[in-house]
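Reading the structure
What follows is the residue order along each chain.
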Amino acid sequence: MLSNRLMPPSCRSAVISLLALSLTLAGGSVGAQQPLPPVRQAVSVFLAQQTSGLPGKVGVTIEGVDPQNQLPACTELVPFLPPGTRAWGRINVGVRCESPVNWTIYVPAQVSVIGDYLVAARPIRSGQVIAPADLERRSGDLAGEAPNTLTDMTQAVGHNARFTIAAGNTLRTDMLRLPQAVRQGQNVKVVGTGTGFAVTNEGRALNAAAAGEPVRVRLGSGQVISGKARADGSVELDF
């Protein structure tokens with residue numbers, strides 16, 4: 001290799017330019033990889049917002065993001081939940097990059113909700129009116145129970161059992177004869193909320209349902225959607 005003193009000035013300039021270009025490209029390739037902490041932080045903040053109204057003590061565990069990812073570095077990360085997903089149990093949280101390039105990844109996470117729920121303290125007969133002595137509280141991860149699990153005595157006491165319930169069974173709304181919140185043929189308000197948006201519509205209920213039970217609604221356009229009946233007679237849309 002020629003020393004600097006033996007190189008013609010034009011060659012020395014070319015070598016210096018090539019070295020500078022190589023260092024720039026090397027630095028750019030290292031900086032281009034998406035660092036993990038901002039992704040985890042975006043998911044953590046998003047899930048904290050999504051779980052703020054849940055009963056009990058919420059715990060969030062964000063699982064692995066590939067440290068060897070080849071994603072370009074992002075300056076605008078937007079977390080979201082796929083349609084039909086809620087922040088409950090084991091889920092995948094989408095993270096979309098909107099600047100300076102577009103890409104999307106899915107980050108596994110676990111949302112636990114530790115709280116009290118009701119179980120049958122003793123066998124309950126079909127048609128029996130449930131009394132406080134028939135129930136007991138247990139504590140556990142509500143995310144591991146059915147979505148319509150009962151968590152408060154007032155939700156069950158005074159209502160008739162639809163069928164025989166064995167001692168120790170977790171109580172759910174579909175086990176009880178609850179007052180109808182929505183009647184078949186009733187005009188209902190349909191509401192739906194998601195990250196950064198809210199929608200409302202009106203339609204006609206195709207079946208009767210108690211609060212928390214599924215109900216199908218035919219909208220004015222003829223489209224049939226599914227949701228859950230609310231105690232106020234409206235229907236919460238399932239996304």
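Preceding this section is the structure that the text describes.
Now for a look at the structure at hand. (Residues numbered from 1 in each chain as written. Predicted model: local features only at pLDDT ≥ 70, side-chain atom pairs only at ≥ 80, totals over all residues. Heavy atoms only, no water.)

Concerning the overall build of the protein
This is how the line gets drawn: Only runs of H or I of at least four residues qualify as helices and only runs of E of at least two qualify as strands under DSSP, and these elements are numbered from the N terminus. Each residue's exposure class comes from its accessible area (1.4 Å probe, protein chains only) as a fraction of the maximum for that residue type: buried when under 20%, exposed when over 50%, partly exposed otherwise. In what follows, residue pairs with any heavy atoms lying within 4.5 Å of each other are defined as contacts. Residue exposure ignores everything except the shown protein chains as possible cover, and the areas themselves are Shrake-Rupley values with a 1.4 Å probe.
Tallying secondary structure elements over the protein gives two helices and 14 strands in all. Put simply, the protein has 239 residues, and 33% of those count as buried. Across the protein, the fraction of contacts at a sequence separation of at least 24, relative to all contacts at a separation of at least 6, is 53%. Here the protein displays about 13,900 Å² of accessible surface, and carbon together with sulfur accounts for 54% of that area.

Concerning the pattern of salt bridges
Where we set the bar: Between Lys or Arg on one side and Asp or Glu on the other, a salt bridge is scored when a side-chain nitrogen of the former is within 4 Å of a carboxyl oxygen of the latter.
This model, assessed by the stated rule, comprises six salt bridges. Among the salt bridges present, the one from Glu 213 reaches Arg 162, with a minimum N-O distance of 3.5 Å. Residue Glu 213 is located in the loop between β11 (209-210) and β12 (214-219), and its partner Arg 162 is located in the loop between β6 (160-161) and β7 (176-177); the two are separated by 51 residues in the primary sequence. Arg 162 sits in the partly exposed class, given a relative accessible area of 32%. One salt bridge connects Asp 174 with Arg 172, and the closest N-O pair in it is separated by 2.9 Å. Since its relative accessible area comes to 26%, Arg 172 is described here as partly exposed.

Quick word on the state of the cysteines
Our working definition: To count as a disulfide, a pair of cysteine sulfur atoms needs to be within 2.5 Å.
Within the structure shown, the criterion is met by one disulfide. Disulfide pairing places Cys 74 opposite Cys 97 at an S-S distance of 2.2 Å. Judged by the sign of its S-S torsion, about 100 degrees, the bond between Cys 74 and Cys 97 is right-handed. Note that Cys 74 is positioned in the loop between β1 (57-62) and β2 (77-80) and Cys 97 in strand β3 (residues 89-97), a separation of 23 residues in sequence. By relative accessible area, Cys 74 is classed as buried at 14%. For Cys 97, a relative accessible area of 0% translates into the label buried.

Some remarks on the pairing of strand β4 (residues 103-120)
On any regular strand, side chains alternate: one points to one face of the sheet, the next to the other face. What counts here: Pairing between two strands is assigned when DSSP locates at least 2 bridges connecting them.
Alignment of β1 against β4, held across six bridges, turns out to be antiparallel. Bridge pairing in β4 places Ile 62 opposite Ala 109. Taken together, the nine bridges between β3 and β4 define a ladder with antiparallel strand orientation. Among the inter-strand pairings, Val 95 is bridged to a residue of β4, identified as Ile 105. Hairpin connection between β3 and β4: a loop of five residues separates the two successive antiparallel strands. The pairing of β4 with strand β5 (residues 135-141) spans seven bridges and is classified as antiparallel.

Considering the pairing of strand β13 (residues 224-229)
Pairing of β12 with β13 involves five bridges; the strand directions are antiparallel. What sits directly across from Pro 214, in β13, is Lys 228. Adjacent in sequence and paired antiparallel, β12 and β13 are bridged by four residues, among which Gly 222 carries a positive phi angle near 100 degrees. Inspection of the sheet shows β13 paired to strand β14 (residues 235-237) by three bridges, in the antiparallel sense. In the strand pairing of β14, Lys 228 is matched with Glu 236. Between β13 and β14, which pair antiparallel and follow one another directly, the connecting turn spans five residues, one of which, Gly 233, has a positive phi of 90 degrees.

In short, shape yes, function no, at least from these values alone.
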